[in-house]
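Spelled out from the first residue to the last, the chains are:
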Amino acid sequence: AKTILSGIQPSGLLTIGNYLGAMQHFVRLQDEADCYFCIVDYHAITLPQDPQELKENIRRLAALYLAVGLDPQKVTLFVQSDVPEHTELGWIMICQSHMGELERMTQYKDKSKKLKSIPVGLFTYPALQAADILLYQATHVPVGEDQKQHIELTRDLAERFNHRYGEVFVIPEPMIASFGARIMSLDDPTTKMSKSNPNENSYISMLDEPKVIEKKIKRAVTDSGHEIRFDPEEKAAISNLMTIYGQFTGQTMEEVEQHFKGCGYGQFKKELAEVVIDSLRPIQEKYREIYPSSELDRVLEEGAQKAREKAQQTLAKVKQALGVGLK
Ligand code: TYM
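Residues numbered from 1 in each chain as written. Predicted model: local features only at pLDDT ≥ 70, side-chain atom pairs only at ≥ 80, totals over all residues. Heavy atoms only, no water.

### Structural notes on the overall build of the protein chain
As a reminder of what qualifies: Labels follow the DSSP assignment, with helices taken as runs of H or I lasting at least four residues and strands as runs of E lasting at least two, numbered in each case from the N terminus. For this measure, only C-alpha atoms enter the radius of gyration; the expected value for a globule follows 2.2 Å times N^0.38, where N is the number of residues. Accessible area is worked out with a 1.4 Å probe on protein chains only. A residue is then buried under 20% of its type maximum, exposed over 50%, and partly exposed in between.
The helix and strand tally for the protein chain stands at 13 helices and five strands. Its C-alpha atoms give the protein chain a radius of gyration of 21 Å, near enough to 20 Å, the size a compact globule of 327 residues would have. Each principal axis of the C-alpha distribution contributes one length, and for the protein chain these read about 75 × 45 × 40 Å. By the burial criterion, 50% of the 327 residues in the protein chain qualify as buried.

Here it is in structure tokens:
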């Protein structure tokens with residue numbers, strides 16, 4: 001049977017990139033596999049967070065997980081810091097990691113080059129991510145393209161551990177959609193859409209109001225020429241917007257091209273805004289219901305309990321294999 005684990009950082013409002021690259025697949029997978037979905041707050045603190053905002057972002061993310069259609073009867077939804085086994089195995093995985101392989105992580109390189117002084121947690125972060133995955137013996141990890149390297153590292157660390165100490169870990173496979181796994185910024189189609197981008201016009205948040213979505217799409221950069229043609233090399237900006245359109249409508253790029261044959265960028269952007277607004281509306285409505293409910297607290301408490309049972313089993317095996325502890 002398949003076991004799935006994935007996580008999202010509560011470090012800001014989720015973007016449609018997070019949704020199209022990851023969350024929409026979680027919803028589909030809940031009927032096929034044993035699923036664990038995590039709000040990775042210990043990952044978020046690798047960079048300083050305002051405590052009150054972090055609390056709020058954790059709750060927002062939890063409410064969004066449910067609003068997009070995850071069913072707590074089917075999946076285990078929990079907050080990472082509620083399951084202390086993550087940091088415990090995280091340390092153990094740090095001890096399996098080599099400086100060189102962590103230095104090669106592109107996310108680390110990108111984030112650290114913008115900083116004068118680099119927090120150590122930013123560097124060791126992928127070892128904690130490996131622990132998140134390995135604790136649940138996940139067979140598959142659905143993520144966007146940017147996380148591929150972290151999943152490959154997880155595999156290397158798990159194989160190294162198994163080789164040294166005996167077969168404890170299941171080796172997980174990344175699950176990356178062939179399409180929509182890398183949504184780009186609206187203001188620059190060469191950088192990925194990201195919730196941590198200081199320019200709010202570069203992304204569409206899952207909770208943006210219709211007017212804001214309309215404005216952001218209107219402002220999105222386009223390419224020279226005027227046709228709606230899918231060509232990521234020559235027409236990167238339009239191809240990105242077409243990808244968003246196709247993902248929300250379930251259409252292929254040929255179908256999108258066909259649909260907009262003879263139309264200009266203006267008409268295309270108008271319809272794209274409508275599609276995004278209409279797709280997000282039911283999610284936003286549900287979100288507003290769930291966010292203040294005590295039901296949400298109950299789901300997370302039960303989720304943490306269920307996650308902990310599984311995590312404890314794996315950690316006990318790991319400690320046994322390593323020889324740490326009294327028993
Ligand atoms: P995070 O919080 O940056 O992103 C959450 C998920 O969204 C995907 N994603 C995108 N997909 C398409 N286009 C984009 N522009 C885009 N931006 C983000 C990410 O690939 C991810 O799937 N380190 C992880 C969180 C994590 C995790 C884990 C993931 C911690 N532990 C264990 C899987 C398994 C991260 O920072 O994701």
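### Overview of the site of the ligand
In plain terms, the rule: Note on terminology: near, applied to a residue and a molecule or strand, indicates that one of the residue's heavy atoms is within 4 Å of it. Any pair of N or O atoms that falls within 3.5 Å is considered a polar contact. Within protein, one atom must be able to donate a hydrogen and the other to accept it, and sequence-neighbouring residues count only if both atoms are side-chain atoms. The protein chains shown are the only cover counted for residues, whose accessible areas, like all others here, come from Shrake-Rupley with a 1.4 Å probe. Gly is put with the polar residues, along with every residue not named as nonpolar or charged; the nonpolar set is Ala, Val, Leu, Ile, Met, Phe, Trp, Tyr, Cys and Pro, and the charged set is Asp, Glu, Lys and Arg.
In the vicinity of the ligand lie 26 residues, with Gln9, Tyr125, Asp132, Asp146 and Ile183 positioned nearest. Separating an oxygen atom of the ligand from a side-chain N or O atom of Asp146 is a distance of 2.4 Å. Protein contact buries 97% of the 710 Å² of open area that the ligand shows by itself. Elements represented by at least two residues in the shell around the ligand include exactly β1 (3-8), α1 (16-29) and α7 (120-135). Split by residue class, the shell around the ligand holds eleven nonpolar, eleven polar and four charged.

### Description of the UniProt feature "binding site: L-tryptophan" (unreviewed entry) in the protein chain
To be explicit about the condition: UniProt positions are given in the numbering used here, feature names are shortened, and annotations may be inferred rather than shown by experiment.
The residues that UniProt annotates with the feature "binding site: L-tryptophan" (unreviewed entry) are Asp132. On the secondary structure map, Asp132 appears in helix α7. Classification of Asp132 by relative accessible area gives buried; the value is 4%.

### Focus on the packing of α7 against helix α8 (residues 148-165)
As a reminder, the rule being used: Note on definitions: angles span 0 to 180 degrees between N-to-C directions of axes, and those axes are lines fitted to C-alpha atoms, for helices only across the stretch in contact. An angle below 35 degrees is treated as roughly parallel, one above 145 as roughly antiparallel, one from 65 to 115 as roughly perpendicular, and anything else as oblique. Contacts between residues were defined by any pair of non-hydrogen atoms, one from each residue, lying within 4.5 Å.
Two elements in contact, α7 and α8, have axes whose closest approach is 9 Å; the angle formed by their N-to-C orientations is 70°. Here α7 is positioned roughly perpendicular relative to α8, judged by the angle of their axes. Contact residues: Tyr125, Pro126, Ala127, Gln129, Ala130, Ile133 and Leu134 in α7; His150, Ile151, Leu153, Thr154, Leu157 and Ala158 in α8. Residues belonging to the contact of α7 with α8 are distributed by class as follows: ten nonpolar, three polar and no charged.

### Brief notes about the UniProt feature "short sequence motif: 'HIGH' region" (unreviewed entry) in the protein chain
When the UniProt feature table is mapped to this numbering, "short sequence motif: 'HIGH' region" (unreviewed entry) covers residues 10-18. Along residues 10-18, the helical share is 33% and the strand share 0%, with 12 Å between the first and last C-alpha atoms.

### Considering the packing of helix α4 (residues 85-94) against α7
Let me state the cut-off plainly: Crossings are assigned a handedness: left-handed for a near helix turned anticlockwise from the far helix by less than a right angle, right-handed for a clockwise turn.
With their axes 8 Å apart at the nearest point, α4 and α7 run at an angle of 120° to one another. Here α7 runs oblique to α4, going by the angle between their axes. For the element pair α4 and α7, the recorded crossing hand is right-handed. Contacts from Glu85, His86, Thr87, Leu89, Gly90, Met93 and Ile94 of α4 reach α7 at Thr124, Ala127, Leu128, Ala131, Asp132, Leu134 and Leu135. Each residue belonging to the contact of α4 with α7 can be placed in one class, and the counts come to eight nonpolar, four polar and two charged.

### A word on the environment of Ala67
Mapping Ala67 onto the fold places it in helix α3 (residues 51-67). Ala67 sits 224 residues away from Tyr291 along the chain, and the two C-alpha atoms are 9.1 Å apart. Among residues more than four places away in sequence, those in contact with Ala67 are Ile283, Lys286, Tyr287 and Ile290.

### Quick notes on the side chain of Thr3
Counting through the fold element by element, Thr3 comes out in strand β1. Sequence-distant contacts of Thr3, that is, excluding residues within four places in its chain, are made with Asp34, Tyr36, Tyr136, Gln137, Ala138, Thr139 and His140.

### Observations concerning the nonpolar core
For the record, the criterion: In this text, buried Ala, Val, Leu, Ile, Met, Phe, Trp, Tyr and Cys residues form a nonpolar core when linked through side-chain atoms within 4.5 Å.
Met23, Tyr65 and Ile244 are the most contacted members of the largest nonpolar core, which has 62 residues in total. Discounting chain neighbours no more than four positions away, the residues touching Met23 are Ile8, Leu14, Asn18, Leu61, Leu64, Tyr65 and Val68. Membership of the second largest hydrophobic core comes to 36 residues, among which are Phe78, Ile133, Phe169 and Leu315.

### Quick notes on the packing of aromatic side chains
Each aromatic ring pair is specified by the distance between its two centres and by the angle formed by the two planes. As a reminder, the rule being used: Side-chain rings of Phe, Tyr and Trp (the six-membered ring for Trp) are treated as a pair once their centres are within 6.5 Å; stacked means planes under 30 degrees apart, edge-to-face means over 60, and tilted covers the remaining angles. Both a distance and an angle decide whether a charge sits over a ring: NZ of Lys or CZ of Arg must be within 6 Å of the ring centre and within 35 degrees of the ring normal.
Applying the stated criterion across every chain yields a total of 14 aromatic pairs. Consider the rings of Tyr19 and Phe248, whose centres lie 6.1 Å apart with planes at 15°: the pair is stacked. Taken as a pair, Tyr19 in helix α1 and Phe248 in helix α10 (residues 236-249) lie far apart in primary sequence, 229 residues in all. Assigned by exposure class, Tyr19 and Phe248 land together as buried. Through a chain of ring-to-ring contacts, three or more aromatic side chains come together here, namely Phe26, Phe37 and Tyr65. Above the plane of the ring of Tyr291 lies Arg59, whose end atom (NZ or CZ) is 5.6 Å from the centre.

### Brief notes about the pattern of salt bridges
Note the cut-off: Any carboxyl oxygen of Asp or Glu that lies within 4 Å of a side-chain nitrogen of Lys or Arg is treated as forming a salt bridge with it.
A complete count under the given rule lists 16 salt bridges for this structure. A salt bridge links Lys319 to Glu88; the nearest nitrogen and oxygen atoms lie 3.3 Å apart. A residue pair is termed long-range when its members are at least 10 positions apart, and Lys319 in helix α13 (residues 294-322) and Glu88 in helix α4 qualify at 231 residues. For the salt bridge of Arg298 with Glu295, the shortest nitrogen-to-oxygen distance reads 3.0 Å. You can see Arg298 and its partner Glu295 sitting in helix α13, three residues apart, about one turn around the helix. Take Arg298: its relative accessible area is 40%, and that puts it in the partly exposed class.

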